[in-house]
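# Commentary on secondary and tertiary structure
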Amino acid sequence: MNKKINTDQCNPSDIRELPVDPDSLEKDFDHTLIYHLGRFLGCNPYYLYETLSLVIRKRVMTDWRNTWLQHKKKGVRRAYYMSLEFLIGRSLGNHLLNLGIQEETAEAMQSVTNELERILELEPDAGLGNGGLGRLAACFMDSCASLKLPVTGYGIRYEYGMFRQIIEDGRQLEEPDHWLRNGNPWELERPEYIQQIQFGGHTFHDIDHNGQQRVRWIETDDVLAVPYDVPVSGYNNNVVNTLRLWKATATDLFNLAEFNAGSYPEAVAQKNDAEHITMVLYPNDASECGKELRLRQQYFLAAASLKDIFRQWDKVEGRNYSNFAAQNVFQMNDTHPTIAVAELMRILVDEKRLSWDKAWQITTRTMAYTNHTLLPEALERWPVRLFERLLPRHLEIIYRINADFLHQVAMRWPGDVSRMQRMSIIEEGDQKSVRMAYLAIVGSFSVNGVAALHSALIKSGLFHDFHQMWPGKFNNKTNGVTPRRWIAHANPLLTELISRTIGSEWIADLSHIKALNGYASKKSAKFQQHWHQIKQQNKQRLADLVEQECGVKFSIDAMFDVQVKRIHEYKRQLLNVLHIIHLYSRIKHGDTHNWTNRCVLIGGKAAPGYVMAKNIIKLISDVANVVNNDPDVGDLLKVVFFPNYCVSSMEIIAPGTDLSEQISTAGKEASGTGNMKFMMNGAVTIGTYDGANIEILDAVGEENFFLFGLRENEVEELRYHYNPQALIDNEPRLAVVMGLLESGHFNTYEPGIFNDLIASLKTPHDPWMTLADFGSYIDAQEMAAAAFRDQGHWIQMSIRNTARSGFFSTDRTISDYNNEIWKLEPIEVQTPE
Ligand code: JNB
């Protein structure tokens, strides 16, 4: 046999790097287009994108293979990032940047197009996530590769990603996102690593031939998990990590029983049931849906990934698990994959035949949990009844974990029955359920929040009892974003200016960006002029996109005021609308002395079942309509609701923004990451004292940030005597705005449609206390407007924001995870001669 066929014996030097000079790239492009795709230059341009992706994919193969060989060496400690969401966006442009072949590729493509950009835009976004949590996972993967850390991502290959948002008559409609319709050149199917996943059935307890208790999980309905690998290239370092995404399919035996009974179509139809598991991403951001299919997805991911890890472990180490915890660590992205705690116990106890205590030791030394939200509606609870039916063995295991845990609680706080009830993993009541966050905390050695305030609030509030019990488990890891995608790729003009000025080390190590600070003072007029010119060009690029998508003309001399994020009451898009109405009413009253022209852009998706969020979209659209079509308003104010906000639109939006709106009710936004993308691109923030805003404020100083609103403790204090009507009565500006809104001025032809929204603002029980911050928000907006009129000063603020964004790189975040939780060694990579 040819020994090269055996991948284990494949030497790194066996695989040659393919050449990346323009000439070779061009030849390979022509060759691939004709001989692989069977198409020619005049074809549908999508095929040009596909061809170029295949050509570039070949250029990552060698490094991918070499990285993999390093990871699987005996004794290498590895981490696994488990997430139901990876919001990757586009890949081609990102790989060109990381491989350092942007210019070569542009040159190679000259005969096809002199605008490589147009080809990159044909790639559909991989929208396998909702928002912050999913995009964070993608930024983390980028930083792990760039830091050479042996980290593998595990996720789900949804057939349909995040829905496409259509705005019709000001209302959101959802369209399915069949992103895989034309195939995906960035994935590699690996049927050789298929896993079989069990569901349902029942457990069978007996004694084995050694007289040991043994449990078998039998008569299950099984599905297959097929891995699809996606390469994650590091920046300029020859590392290519792997994101392994699982697709569900029917087992080969799926049809046997029915087939033999003669019902062939019914048997084949079962294949569908299996494939439903990975059909669609649940579009709920920060709210639980409680659907059975969702629990199936969660278990499917956890089980397939753990089996995959044990397959690799057993191959290298044999059936000896004494070093398992020393060499493996799982980071769970929120509670979504938390069933992995019970699954790991099941594998170790039932399949590998370890004692319960040994298995528990291993589990609680390998699992780590990140919390991403304090909102109570986002805390996952699964009915015990559902568990009984779907995962009967796991329910038994969870009961045992809970019994042992409650015993510990009882030892520490004897007789404290109410504490036992509060802390129990099983919630009693008419609908008994499993509290997944508690299972995650009990099963993990590390629990972290995603910004300083959020981590503090977890300890003092949400998980207070658990913090008392295990203070050492709790820690903070402030989020970040990758400067590769969010500056170097999204903002090539600024990238060129920065690198020309301070060198290009900042791309691999964003702490270097602080060298820009020196260019924010009076003496660097030339640099500031360049900075301004680039901002204007980026604003024009955004204005063109806005005109194309919304049919509204933005003038680049106006202040571009932007709020893009999921639509949610706690994020308070309504507060933004109240400010817009305030500006509109000032214009109508002729109160435009010392005016700053503004273009306000709001974008984001509402969960399809979240009625209030959908009403907010309708209100923004209707207000925009009135404002944009009122001849009294003209260029003083423009407003758009930007449809289908996604990763690739943020790549245009962030560089073109002047003012970044981060206006959540204090204590509600765990971190925010959009705030960091804007900051890096030189936008100034108007924001509350919430999430990572606090750390941004800390970095830039109050003179470079428009802070407003109640603090978290003030919000909580005010709840007891919140009186919105009194606020309206005592604040004429608010009275005018509410009057206009209630008059039906923005919904003349649909009277009453905003009554619920208005009522939500006026009730003393408004959890988001929007009106409480109105006055100070309007004041801060006026300060921002005044500051913008002094363009020289504004540019300096803009430069300082970028210059002080070093802390918000995911390279820093991941270094923190690694130093304090994962403890991995960067891998050695062979650099080719
Ligand atoms: C989320 C998120 C949280 C829970 C569910 C879905 N959270 C999504 C966001 C925070 C941001 C923060 C990012 C990254 O840490 O995206 O995480 O910057 O402040 O809001 C969820 C979904 C289904 C069930 C339960 C929870």
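A few points on the structure. None of these values were measured; they are calculated from a predicted model.

Cut-offs and rules
Residues numbered from 1 in each chain as written. Predicted model: local features only at pLDDT ≥ 70, side-chain atom pairs only at ≥ 80, totals over all residues. Heavy atoms only, no water. Near = heavy atom within 4 Å. Polar contact = N/O pair within 3.5 Å; in protein donor to acceptor, adjacent residues only side chain to side chain. Helix = DSSP H or I, 4+ residues; strand = E, 2+ residues; numbered from the N terminus. Salt bridge = Lys/Arg side-chain N within 4 Å of Asp/Glu carboxyl O. Buried < 20%, exposed > 50% of the residue type's maximum accessible area, 1.4 Å probe, protein only. Pairing = 2+ DSSP bridges. Contact = heavy atoms within 4.5 Å. Axes fitted to C-alpha atoms, helices over the stretch in contact; angles between N-to-C directions. Parallel < 35°, antiparallel > 145°, perpendicular 65-115°, else oblique. Left-handed = near helix turned anticlockwise from the far one by under 90°. Core = buried A, V, L, I, M, F, W, Y, C linked by side-chain atoms within 4.5 Å. Phe/Tyr/Trp six-rings, centres within 6.5 Å; stacked < 30°, edge-to-face > 60°. Lys NZ or Arg CZ within 6 Å of the ring centre and 35° of its normal. Lys, Arg positive; Asp, Glu negative; His and termini not counted. Right-handed = clockwise from strand over helix to strand, strands pointing away.

### What about the site of the ligand?
Taken together, the neighbourhood of the ligand is formed by 22 residues, with His372, Asn479, Glu669, Ser671 and Gly672 sitting nearest. Within the side chain of Glu669, an N or O atom sits 2.6 Å from an oxygen atom of the ligand. Tallying contributions element by element places helix α6 (residues 132-146) first for the shell around the ligand, with 3 residues.

### Section: the pattern of salt bridges
With the rule as written, the count across this model stands at 54 salt bridges. Close ionic contact of Arg500 with Glu496 constitutes a salt bridge, the shortest N to O distance being 3.0 Å. Remark: Glu496 and Arg500 occur in helix α20 (residues 492-502); sequence separation between them is 4 residues, near one turn of the helix. According to the relative accessible area criterion, Glu496 is partly exposed, its value standing at 44%. Because the salt bridges share partners, they merge into one network encompassing Arg190, Glu192, Asp229, Arg244, Asp308 and Arg311.

### Side note on helix α16 (residues 436-443)
Counting buried residues along α16, 8 of its 8 residues qualify, which places the element largely inside the surrounding structure. Those residues of α16 lying buried are Met436, Ala437, Tyr438, Leu439, Ala440, Ile441, Val442 and Gly443.

### A look at the sheet that holds strand β21 (residues 598-603)
Taken in spatial order, the 6 strands line up as β22-β21-β20-β23-β24-β25 in an open sheet, and their pairing is parallel. The open sheet terminates on both sides in strands that have one partner only, identified here as β22 (637-642) and β25 (706-707). Where β21 lies against β22, 6 bridges are found, and the strand directions are parallel. Note that in β22 the partner of Cys599 across the bridge is Lys638.

### Observations concerning the environment of Cys289
Mapped onto the elements, Cys289 comes out in the loop between α8 (264-276) and α9 (292-317). Cys289 sits in the partly exposed class, given a relative accessible area of 26%. Each C-alpha atom, one on Cys289 and one on Leu37, is 42 Å from the other, the two residues being 252 residues apart in sequence. Not counting residues within four places of it along the chain, the set of residues in contact with Cys289 comprises Tyr282, Asn284 and Arg294.

### Some remarks on the sheet that holds strand β16 (residues 426-427)
Hydrogen bonding along the main chain pairs the strands of a sheet, whether they run parallel or antiparallel. The antiparallel open sheet is built from 3 strands, whose spatial order is β15-β17-β16. Since the sheet does not close on itself, it has two edges, and those belong to β15 (381-383) and β16, each with one partner. Sheet analysis places β16 next to strand β17 (residues 433-435), joined by 2 bridges and oriented antiparallel. Across the sheet, Ile426 pairs through a bridge with Val434, a residue of β17. Across the sheet, α16 is in contact with β15 and β17; its angle to β17 comes to roughly 45 degrees.

### Some details on the packing of helix α22 (residues 573-588) against helix α23 (residues 611-628)
Running from amino to carboxyl end, α22 crosses α23 at an angle of 15 degrees, the nearest separation of the two axes being 10 Å. Of the possible angle classes, the one that applies to α22 and α23 is roughly parallel. Of the two possible hands of crossing, α22 and α23 adopt the one that is left-handed. Along its contact with α22, which presents Gln573, Leu574, Val577, Ile580, Ile581 and Tyr584, the element α23 presents Ile616, Leu619, Ile620, Val623, Val626 and Val627.

### As for the nonpolar core
Grouped together as the largest cluster of nonpolar side chains are 115 residues, with contacts concentrated most on Phe466 and Trp822. For this core, the element with the highest residue contribution is α9, accounting for 11 residues. Dropping the residues within four chain positions of it, Phe466 is found in contact with Phe405, Met423, Tyr438, Ile441, Val442 and Phe474.

### Concerning the packing of α22 against helix α31 (residues 774-789)
One can describe the packing of α22 onto α31 by two numbers: an axis separation of 10 Å at closest approach and a directional angle of 60 degrees. At the point where α22 passes α31, the crossing takes the right-handed sense. Facing Leu575, Asn576, Leu578, His579, His582 and Arg586 of α22, the residues of α31 in contact are Phe774, Tyr777, Ile778, Gln781 and Glu782.

### Considering helix α26 (residues 693-700)
In terms of residue burial, α26 counts as a mostly covered element, since 6 of its 8 residues are buried. Residues of α26 that are buried: Asn693, Ile694, Glu695, Ile696, Leu697 and Val700. For α26, the elements touching its buried residues are α17 (452-462), β23 (659-662), α25 (674-680), β24 (684-687), β25 and α32 (791-803). Phi turns positive, to about 85 degrees, at Gly701, one or two residues after α26.

### Focus: the environment of Gln172
The residue Gln172 is located in strand β6 (residues 171-175) in this model. Its relative accessible area of 6% is what places Gln172 among the buried residues. Separated by 471 residues in the primary sequence, Gln172 and Pro643 place their C-alpha atoms 8.6 Å from one another. With residues near it in sequence (within four places) discarded, Gln172 still touches Phe163, Gln165, Ile166, Ile167, Lys605, Ala606, Pro608, Lys614 and Ile617. A polar atom in the side chain of Gln172 sits 2.8 Å from the side chain of Gln165. At 2.8 Å, the side chain of Gln172 forms a polar contact with the backbone oxygen of Ala606.

### What about unusual backbone geometry?
One non-glycine residue with positive phi stands out, namely Glu219, at about 50 degrees. Residues other than glycine seldom take positive phi values, yet Asp334 does so here, at roughly 65 degrees. Among the secondary structure elements, Asp334 is positioned in the loop between β13 (328-333) and α11 (339-351).

### Let's talk about the packing of aromatic side chains
If you walk through the whole model with that rule in mind, you get 29 aromatic pairs. Pairing Phe405 with Trp470 gives two aromatic rings, centres 5.6 Å apart and planes at 35 degrees, and the pair type is tilted. Of this pair, Phe405 sits in helix α14 (residues 392-412) while Trp470 sits in the loop between α18 (464-469) and β19 (474-476); the two residues are 65 residues apart in sequence, bridging distant segments of the chain. On the accessibility criterion, Phe405 (1% relative accessible area) is buried. Accessibility expressed as a relative area gives 18% for Trp470, which makes it buried. Taken together through their ring pairs, the aromatic side chains of Tyr369, Phe405, Tyr438, Phe463, Phe466 and Trp470 make up a single cluster. Directly above the ring of Tyr228 sits Arg157, whose terminal nitrogen or CZ lies 4.0 Å from the centroid.

### Overview of the side chain of Asp285
Topologically, Asp285 is positioned in the loop between α8 and α9. The buried charged residue Asp285 lacks any salt bridge partner; its closest oppositely charged side chain belongs to Arg566, at an N-O distance of 4.5 Å. Once residues lying within four places of it in the same chain are set aside, the contact partners of Asp285 are Asn130, Gly131, Arg566 and His568.

### A closer look at the pairing of β24
By the alternation rule, side chains of β24 split into Val684 and Ile686 and Thr685 and Gly687, which are all buried. Pairing of β23 with β24 involves 4 bridges; the strand directions are parallel. Considered in β24, the bridge of Gln662 is made with Gly687. Handedness of the β-α-β unit built from β23, α25 and β24 comes out right-handed. With 2 bridges connecting them, β24 and β25 associate as parallel partners.

### Some thoughts on the pairing of strand β12 (residues 240-250)
In summary, the side chains of a regular strand alternate between the two faces of the sheet. Of all 11 residues making up β12, 11 are buried, and the element is well covered by its neighbours. Across the two faces of β12 the burial is the same, with Val240, Thr242, Arg244, Trp246, Ala248 and Ala250 and Asn241, Leu243, Leu245, Lys247 and Thr249 all buried. Inspection of the sheet shows strand β11 (residues 221-233) paired to β12 by 11 bridges, in the antiparallel sense. Its bridge partner lying in β12, Tyr228 is registered against Leu245. Between β11 and the antiparallel strand that follows it, β12, lie 6 residues; Asn236 among them carries a positive phi value of about 55 degrees.

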